[in-house]
Amino acid sequence: MKFILEYKYYYKINDIILIKYWYNRMITPVKIIDKKGNKFIISHDITESRIKNAPNESIKSSDIISIFRP
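Residues numbered from 1 in each chain as written. Predicted model: local features only at pLDDT ≥ 70, side-chain atom pairs only at ≥ 80, totals over all residues. Heavy atoms only, no water.

A.B. asks: I'm lost on the environment of G37 in this one. Help?
C.D. replies: In this structure, G37 sits in the loop between β2 (27-36) and β3 (39-43). Taking the relative accessible area as the measure of exposure, G37 reaches 57% and is therefore exposed. Remark: the alpha-carbon pair of G37 and K60, spanning 23 residues in sequence, is separated by 9.9 Å. (Helix = DSSP H or I, 4+ residues; strand = E, 2+ residues; numbered from the N terminus. Buried < 20%, exposed > 50% of the residue type's maximum accessible area, 1.4 Å probe, protein only.)

Right under this line is the structure:
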């Protein structure tokens, strides 16, 4: 039971994570810049991302694939 409670707070601000981008279904790394309630505000403006001009967006934790490990 302890694992379930800790897993809820696994992702933190400034972590780089992988998501599937909604427009072209490409898996891309993004950076978490803020947390609002149960949602994360992400930015595509990092060097590892191939999508540079996408706006910041809010996602749920279920939309996150994993943490990005270069």
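Once the structure has been displayed, the description carries forward.
A.B. asks: Is there a simple way to think about the confidence of the model for the protein in this case?
C.D. replies: Detailed reading of the predicted coordinates is not advisable wherever pLDDT falls low. The pLDDT averaged across the protein works out to 86; a share of 87% of its residues lies at or above 70. The element-level mean pLDDT for the protein is lowest in helix α1 (residues 2-7), coming to 53, with β3 highest at 95. (pLDDT = per-residue confidence, 0-100.)

A.B. asks: Teacher, can you tell me more about the nonpolar core here?
C.D. replies: The nonpolar side chains of a soluble globular protein tend to be buried, and buried together. In this structure, Y11, I17, I19, V30, I32, F40, I42, I59 and I64 together form the largest nonpolar core, which totals nine residues. Put simply, the parts of the chain that give this core at least two residues each are β1 (16-20), β2 and β3. Those residues in contact with I32, other than ones at most four positions away along the chain, are Y11, K12, I13, N14, D15, I17, F40, I41 and I42. (Core = buried A, V, L, I, M, F, W, Y, C linked by side-chain atoms within 4.5 Å. Contact = heavy atoms within 4.5 Å.)

A.B. asks: Just to check I follow, could you spell out the pairing of β1 for this structure?
C.D. replies: If a strand is regular, its side chains alternate between the two faces of the sheet. Relative to β2, β1 runs antiparallel, the two being bridged by five bridges. Within β2, the residue paired with L18 across the bridge is P29. Counted along the chain from β1 to the antiparallel partner β2, the turn is six residues long, and its residue R25 has a positive phi close to 60°. Where β1 and strand β5 (residues 64-67) come together, three bridges link them in antiparallel fashion. Within β5, the residue paired with I19 across the bridge is I64. (Pairing = 2+ DSSP bridges.)

A.B. asks: Teacher, can you tell me more about the packing of aromatic side chains here?
C.D. replies: Given two aromatic rings, one states the distance between the centres and the angle between the planes to describe the pair. As enumerated under the stated definition, the model contains four aromatic pairs in all. Plain terms: the ring middles of Y21 and W22 are 5.7 Å apart, the flat faces sit at 45° to each other, and that makes the pair tilted. Relative to Y23, the ring of W22 lies with its centre 5.8 Å away and its plane at 80°, an arrangement referred to as edge-to-face. Judged on exposure class, the residue W22 and its partner Y23 are both exposed. Ring-pair connections join several aromatic residues into one group, and the members of that group are Y10, Y11 and F40. (Phe/Tyr/Trp six-rings, centres within 6.5 Å; stacked < 30°, edge-to-face > 60°.)

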